[in-house]
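Here's the letter readout for the chains.
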Amino acid sequence: LAFAAELGLGVSYQLNSRWLVASEFVWLDQSHALQAVRLQARNPDNAQAPAELDVTQPLNADDQTIVSVAFEYQQDERRVWRGGFSHSRTPLQRSAFTPSLAVVTKNLVTAGYAVELSKAWQFATAIEYQLPNSERYSNPLQPFGDNAREYNEAVLVTLQFSRRW
């Protein structure tokens with residue numbers, strides 16, 4: 001796997017002294033970056049699985065697009081609230097899905113808060129929720145059975161203390 005070339009365009013608009021809205025469109029050249037993946041496995045703990053596996057899976061990926069919108073609300077001189085939503089289209093075709101690759105997260109919701117504690121110290125926190133995404137595999141090159149499925153959902157929390165010198 002390689003890193004995809006990326007092209008993005010973002011705009012923001014200050015609605016008034018308290019509200020800022022922003023949007024971003026990103027294109028990722030996944031059709032060149034995601035060519036193939038190789039899976040090697042041996043000694044399974046399931047008797048129905050093959051004893052040894054060495055499969056190179058062509059991915060036939062499409063390019064990927066991501067659209068995001070966000071806002072920032074300046075509560076007062078010291079406090080800021082932030083939020084956003086991001087949607088992405090998976091670059092993999094259904095026939096190329098494989099449990100050895102993570103399902104691409106399609107929808108993310110984020111919220112954040114920052115406060116200036118003093119002229120030197122700031123605290124910020126953010127929470128990201130990756131909405132549930134599930135895929136069943138119909139990939140003939142990966143012998144994981146008809147009910148092979150991957151599920152992805154996550155909550156990520158960030159806490160940050162910073163100091164200006």
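Just above, that's the structure.
Every value quoted in this text rests on a predicted model; they were computed, and no experiment measured them. Along each chain, the written sequence defines residue order, and numbers are assigned to residues from 1. Given that the model is predicted, a residue must reach a pLDDT of at least 70 before its local features are reported, and side-chain atom pairs must reach 80 or more before they are shown or counted; all residues, however, enter totals for whole chains, interfaces and linings. Hydrogens and water molecules were not included; the side-chain quantities draw on all heavy atoms of the structure.

### Description of the environment of Asn 60
- Within the secondary structure, Asn 60 sits in the loop between β4 (52–58) and β5 (64–74).
- Per-residue accessibility, obtained with a 1.4 Å probe over protein chains only, is compared with the maximum for each type, and a residue is labelled buried under 20%, exposed over 50%, and partly exposed between these values. Among the residues examined, Asn 60 registers a relative accessible area of 48% and is labelled partly exposed.
- Here the alpha-carbon distance between Asn 60 and Ala 96, two residues 36 residues apart in the chain, equals 7.3 Å.
- Any two residues whose heavy atoms approach within 4.5 Å at even a single point are treated as in contact. When sequence neighbours within four positions are dropped, the list of residues in contact with Asn 60 reads Leu 34, Gln 35 and Gln 93. Each helix is a run of DSSP H or I of at least 4 residues and each strand a run of E of at least 2, with the numbering of both proceeding from the N terminus.

### A few points about the packing of aromatic side chains
- Any two of the Phe, Tyr and Trp rings considered here, Trp counted by its six-membered ring, make a pair once their centres fall within 6.5 Å; the pair's planes then place it as stacked at under 30 degrees, edge-to-face at over 60, or tilted in between. For the structure on display, the rule yields 4 aromatic pairs.
- Judged by centre distance (5.8 Å) and plane angle (45 degrees), the ring pair of Trp 19 and Phe 71 falls under tilted. Taken together, the positions of Trp 19 in strand β2 (residues 19–28) and Phe 71 in strand β5 put the pair 52 residues apart, joining distant regions of the chain.
- Ring centres of Trp 81 and Tyr 113 lie 4.4 Å apart, and the angle between their planes is 45 degrees; this geometry places the pair in the tilted category. Pair noted here: Trp 81 is in strand β6 (residues 79–88) and Tyr 113 is in strand β7 (residues 107–116), with a separation of 32 residues, a long-range link.
- Residue classification places Trp 81 among the partly exposed residues on the basis of a relative accessible area of 40%.
- Counting every residue linked through ring pairs, the aromatic cluster contains Trp 19, Phe 71 and Tyr 73.
- Whether a charge lies above a ring is judged from NZ of Lys or CZ of Arg, which has to be within 6 Å of the ring centre and within 35 degrees of the ring normal. When the ring centre of Trp 165 is taken as reference, the NZ or CZ atom of Arg 163 above it lies at 4.3 Å.

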